[in-house]
Amino acid sequence: NSIGYFSYTVKAADEARTRAIDRFKELNKKDFMYFRTLHSLAFKQLGLSKDDVLGDVHYKELSSLLGIKLSNTNRRMDSFGTGMQDDVFAHVIDMARARNVSLRQQFQEAGHLDCGWMKLKYIADGISKYKKERNLYDFTDMIIEFVARATLEDIVPDLDVLIIDEAQDLLPVQWEMVKVLMKHSERVFIAGDDDQSIFKWAGANPEDLIGLKGERYILNQSHRIPKKIHIAATTLISRIENRIPKLWKAKDEEGDIQFHNLREAVYQLMGDGEWLIMTRDNYTLEQISEDLRQRGL
């Protein structure tokens, strides 16, 4: 209970706890009480219960009251580490809170929105009023509340060791919470790779990781990337200007990269084993899924 490990997703925190239990045989899950996500820590330290958290039924009621479709960002935060709204207006509102900027600023940066500022403010005010009247929190609220009360109440754990994982994907509001935790920790380890930052569209800012002061250690040996993929990846990533250069070695395996003009050529290669297929949009993915079903794959 003197070690804090905080990750972006519940899955990562559970994996870290499992490895820790395997390493220290005499300890169990309860001994690693601070192996969790940041919003889970805020939930615990603020003394909240499940009844205090916005759930599916609340989002359904809120959607009906406002006349827009809202998705349960809490559930998605657990799975993906970031909230994703179906409605573009709700997405702008969440982005403003995650980035810790005013709604007006986020609106101006978002570009054109049908019905504009008045509709956006109507939705934002409606969500805020609903939560306030029912005394409910979403995960972003928990982090904001934790930071606000950290200097007034004894809610921040004193840790010998603080570990922050996947730091390249942290949102600005989460960085505020991390800084609070750092002040109460003897030793701090922040793990992340700015080259793997994929949630900038959701408010993550890899520059927060790049600008950190302290000793920097580069893990220079990959245990999963073959040589050909290593060459392709390093060639591509070098086009990014604001990044930390890294020299690292591939594993001792050649690997293979193939380019095809027609996806039918890929289907002919697909035999035994497991395949991961990724596309740039759902439209293409649906076409490929139907193709594979028809081919019995």
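Remember, predicted model here, so these are calculated numbers, not experimental data.

J.: Describe the pattern of salt bridges, naming the residues involved and giving the relevant values.
T.: Two side chains carrying opposite charge are able to pair once their charged atoms lie near each other. Following the criterion strictly, the structure yields 25 salt bridges and no others. Across the pair Glu153 and Arg149 runs a salt bridge whose closest N-O atoms are separated by 2.9 Å. Residue classification places Glu153 among the partly exposed positions, given a relative accessible area of 35%. Across the pair Arg280 and Asp281 runs a salt bridge, and its minimum N-O distance is 3.6 Å.

J.: How would you explain the packing of helix α2 (residues 38-45) against helix α9 (residues 172-183) if you had to name every residue and give the values?
T.: At their nearest, the axes of α2 and α9 sit 11 Å apart, and the two run at 65 degrees to each other. As α2 packs across α9, the resulting crossing turns out to be left-handed. The residues of α9 that touch α2, namely those facing Leu38, Leu41 and Ala42, are Gln174, Met177, Val178 and Leu181.

J.: Requested: an account of the side chain of Lys131, with residues and values cited.
T.: Structurally, Lys131 can be placed in helix α7 (residues 116-134). Beyond its immediate sequence surroundings of up to four residues, Lys131 is in contact with Leu54, Arg97, Leu136, Asp138 and Asp141.

J.: Give a detailed account of the layout of surface pockets, specifying residues and quantitative values.
T.: One number sums up the size of the second largest pocket: a volume of about 410 Å³. Counting only elements with at least two residues in the lining of the second largest pocket, the list comes to α12 (263-269) and α13 (282-294). Per element, the largest residue contribution to the lining of the second largest pocket is 3 residues, and it comes from α12. Looking at the lining of the second largest pocket, its residues break down into 10 nonpolar, 5 polar and 1 charged.

J.: Outline the sheet that holds strand β4 (residues 185-190), listing residues and values.
T.: Here 4 strands make up an open sheet; going across it, the order is β2-β1-β3-β4 and the pairing parallel. The two strands at the open ends of the sheet, each matched to only one other strand, are β2 (35-37) and β4. For this sheet, the mean inter-axis angle between neighbouring strands, taken without regard to orientation, is 20 degrees. Two elements, strand β1 (residues 3-7) and β2, share 3 bridges in a ladder whose sense is parallel. Considered in β2, the bridge of Phe6 is made with Arg36. Those strands touched by α9 are β1, β3 (159-164) and β4, and its axis lies near 140 degrees from that of β4.

J.: Could you give me a rundown of the packing of aromatic side chains, with the residues and numbers involved?
T.: Enumeration according to the criterion identifies 4 aromatic pairs in this entry. Ring geometry for Tyr5 against Phe35: centres 5.5 Å apart, planes inclined by 25 degrees, an arrangement best described as stacked. Linking Tyr5 in strand β1 with Phe35 in strand β2, this pair joins segments that are 30 residues apart in sequence. Accessibility expressed as a relative area gives 6% for Phe35, which makes it buried. Each residue in the set Tyr5, Phe32 and Phe35 is aromatic and connected to the rest through ring pairs, giving one cluster. One cation-aromatic arrangement involves Arg23 over Phe24; the distance from NZ or CZ to the ring centre is 5.9 Å. Positioned above the aromatic ring of Trp117, the side-chain terminus of Arg104 is 3.9 Å from the ring centre.

J.: I'd love a proper account of α13, names of residues and values included.
T.: An α-helix turns once per 3.6 residues; consequently, residues spaced three or four apart project the same way. Between its first and last C-alpha, α13 extends 18 Å over 13 residues, near the 18 Å set by a 1.5 Å rise per residue. Three or more residues of α13 are buried, namely Ile288, Asp291 and Leu292. Projected down its long axis, α13 shows its buried positions confined to an angular sector of 95 degrees, all on one face. What points out from α13, more than 90 degrees from its buried face, is the exposed set Asn282, Tyr283, Glu286, Arg293 and Gln294. Contact partners of the buried residues in α13: α12. Of the residues trailing α13, Gly296 is marked for its positive phi of about 75 degrees.

Analysis parameters
- Position labels on residues start from 1 in each chain and follow its written sequence.
- The model is predicted, so local features are restricted to residues of pLDDT at least 70 and side-chain atom pairs to those at 80 or more, both for listing and for counting; the totals for chains, interfaces and linings are taken over all residues.
- In computing side-chain properties, one takes all heavy atoms of the structure into account and sets aside hydrogens as well as water.
- In what follows, salt bridge is the name for a side-chain nitrogen of Lys or Arg lying within 4 Å of a carboxyl oxygen of Asp or Glu.
- When a residue's accessible area, from a 1.4 Å probe over protein chains only, is under 20% of the maximum for its type it is buried; when over 50% it is exposed; and in between it is partly exposed.
- Axis definition: a line fit to C-alpha positions, over the contact stretch in the case of helices; interaxial angles, taken between N-to-C directions, run 0 to 180 degrees.
- Helix numbers and strand numbers start at the N terminus; a helix is a DSSP run of H or I with at least 4 residues, a strand a run of E with at least 2.
- Definitions for this section: a left-handed crossing has its near helix turned counterclockwise from the far helix by less than a right angle. A right-handed crossing has that turn clockwise.
- The contact definition used throughout considers only heavy atoms, calling two residues in contact when any of these lie within 4.5 Å.
- Computed over the protein atoms alone on a 1 Å grid, cavities are sets of points where a 1.4 Å probe fits but cannot get out and pockets are open sets with protein on both sides within 12 Å along at least five of seven lines; a residue lines them when it has an atom within 4 Å of a point.
- Grid points are joined across faces, edges and corners, and a volume is the space filled by probe spheres set on the points.
- For this classification, the nonpolar set comprises Ala, Val, Leu, Ile, Met, Phe, Trp, Tyr, Cys and Pro, the charged set comprises Asp, Glu, Lys and Arg, and every other residue, Gly included, is treated as polar.
- Criterion used throughout: strands pair if DSSP finds at least two bridges between them.
- Side-chain rings of Phe, Tyr and Trp, where Trp is taken by its six-membered ring, are said to pair if the distance between their centres is within 6.5 Å; with planes under 30 degrees apart they count as stacked, over 60 as edge-to-face, and otherwise as tilted.
- For a Lys NZ or an Arg CZ to count as sitting over a ring, it must be within 6 Å of the ring centre and within 35 degrees of the ring normal.
- A helix is expected to span 1.5 Å for every residue after the first.
- The arc in question is the one traced by the directions running from the helix axis out to the C-beta atoms.

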